[in-house]
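# Summary of structural features
Each chain, letter by letter, is given below.
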Amino acid sequence: MNERFEQVTVGDIVAADFRTGAVFERFGIDFCCGGRRSLPDACREASADPAEVVRALDALPPRATSDDDVTRWPVDRLIDHILTRHHAYVRSALPSIARHLAKLHEVHGARHPELARIATVFEQVSGELEQHMFKEEQILFPYVRDLGRHPDQACGVRISPFGTVENPIRMMEREHREAADELRLIRELTSGYMPPADGCTTYSVCMAELAEFERDLHCHVHLENNVLFPKAVELENQAAGG
Ligand SMILES: [Fe+2]
Ligand SMILES: [Fe+2]
């Protein structure tokens, strides 16, 4: 194992270089909800050959700019990025995918009975994600922005409705795992988002949309679990000591 990757978690590797996320996706390695594991552990879990994964990571060309190093971004910028790139995307994708799944169920449901289950699971994950993002936007993110803007403000002065920030973070991480599990179930029910031979164009479009939705969720959860949340905990600890 390349020593560069020995002491760090897969979440840290993607936080330091987002392009490694695509490599991990290719090998089926979970870097978002399961991001706090070492590379050997994550490889074992995904039945991937660690040497082959390290070769693929090493094959990435050097990066042109350091501005995409999200670990250096202030929390305000990180949160803006999460909102404009990921929350906005989720809100635009949900109704489109739901509409396509309803149509597929209507047209192909008789020959593909799994479509009913897929539509139900998707409806569930949609409702959960809407509520999840609302909680982040209304409660957690404003608090984290405040921590970032006033890092020296003592803990007792700042009004927090939830005690330490670790409490809502734990809840958000649990909801991330639930959403990731539901998407994994949809992936299994669709045999890896594969449209059937007798599927129409809407079928192919909808499978591509679902695949994109899961990919985006992994990046979204990664940015929160492995970059934003550790920063928030660190800022809160600083404030408590300051
Ligand atoms: Fe989010
Ligand atoms: Fe989240």
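As a starting point, this report considers the structure included with it. This one's a predicted model, so the numbers in the text were calculated from it and none came from an experiment. (Residues numbered from 1 in each chain as written. Chains lettered and ligands numbered in written order. Predicted model: local features only at pLDDT ≥ 70, side-chain atom pairs only at ≥ 80, totals over all residues. Heavy atoms only, no water.)

With that out of the way, let us pick up helix α8 (residues 201–241). One turn of the α-helix equals 3.6 residues, which is why residues spaced by three or four share an orientation. For α8, spanning 41 residues, the distance from its first C-alpha to its last is 59 Å, which sits close to the expected 60 Å at 1.5 Å a residue. A bend of about 35 degrees at Leu228 is the largest found in α8, and the proline Pro230 appears one to four places after it. (Helix = DSSP H or I, 4+ residues; strand = E, 2+ residues; numbered from the N terminus. Expected span 1.5 Å × (residues − 1). Bend = angle between axes of the 7 residues up to and from the residue.)

In an ideal tetrahedron of four donors about a metal, each angle is 109.5 degrees. In an ideal octahedron of six donors, the angles are 90 or 180 degrees. Only His132 (NE2), Glu136 (OE), His176 (NE2) and Glu224 (OE) from the protein reach the iron ion (ligand 2) as donors, at distances of 2.0 to 2.2 Å. Note that the iron ion (ligand 2) binds 4 donor atoms; their angles at the metal cover 84 to 171 degrees, and the shape is irregular. Written as a sequence motif, the donor arrangement for the iron ion (ligand 2) is H-x3-E-x39-H-x47-E. In this structure the iron ion (ligand 1) is found 3.1 Å away from the iron ion (ligand 2), and Glu136 serves as a bridging donor for the pair. (Donors = N, O, S within 2.8 Å, 3.2 Å for Na, K, Ca; no water. Tetrahedral: all angles 85-135°; square planar, octahedral: opposite > 155°, others 65-115°.)

To continue, consider the packing of aromatic side chains. All told, the structure shown has 4 aromatic pairs when counted by the stated rule. Taking the centre distance of 6.5 Å and the plane angle of 35 degrees together, the rings of Phe24 and Phe31 count as tilted. Side by side, Phe24 and Phe31 carry an identical accessibility label, which is buried. When the centroid spacing of 5.7 Å and the interplanar angle of 65 degrees are considered together, the rings of Phe122 and Phe213 count as edge-to-face. Taken together, the positions of Phe122 in helix α6 (residues 114–149) and Phe213 in helix α8 put the pair 91 residues apart, joining distant regions of the chain. Overall, Phe213 belongs to the buried group, its relative accessible area being 1%. These aromatic residues form a ring-pair network of at least three members: Tyr89, Phe122 and Phe213. One Lys or Arg, Arg77, reaches over the ring of Trp73 and ends 3.8 Å from the middle of that ring. (Phe/Tyr/Trp six-rings, centres within 6.5 Å; stacked < 30°, edge-to-face > 60°. Buried < 20%, exposed > 50% of the residue type's maximum accessible area, 1.4 Å probe, protein only. Lys NZ or Arg CZ within 6 Å of the ring centre and 35° of its normal.)

Further remarks concern the nonpolar core. Ile97, Phe122, Leu210 and Phe213 are the most contacted members of the largest nonpolar core, which has 27 residues in total. At 8 residues, α8 tops the list of elements feeding residues into this core. When sequence neighbours within four positions are dropped, the list of residues in contact with Ile97 reads Phe122, Cys206, Glu209, Leu210 and Phe213. Counting 22 residues, the second-largest nonpolar core is a separate cluster that includes Val75, Ile79, Phe141 and Ala232. (Core = buried A, V, L, I, M, F, W, Y, C linked by side-chain atoms within 4.5 Å. Contact = heavy atoms within 4.5 Å.)

The subject of this paragraph is the pattern of salt bridges. Evaluation of the coordinates by the stated rule reveals 15 salt bridges. The salt bridge involving Arg72 is made with Asp69; its shortest N-O contact spans 3.1 Å. Arg72 gets classed as exposed once you look at its relative accessible area, which sits at 67%. Close ionic contact of Arg174 with Glu178 constitutes a salt bridge, the shortest N to O distance being 3.9 Å. On the criterion of helical spacing, the pair formed by Arg174 and Glu178 is a turn pair, its members being 4 residues apart in helix α7 (residues 166–189). In this structure Arg174 comes out as partly exposed when scored by relative accessible area, which is 42%. Each of the salt bridges in this network shares a partner with another, and the network as a whole consists of Asp76, Asp80, Arg145 and Arg149. (Salt bridge = Lys/Arg side-chain N within 4 Å of Asp/Glu carboxyl O.)

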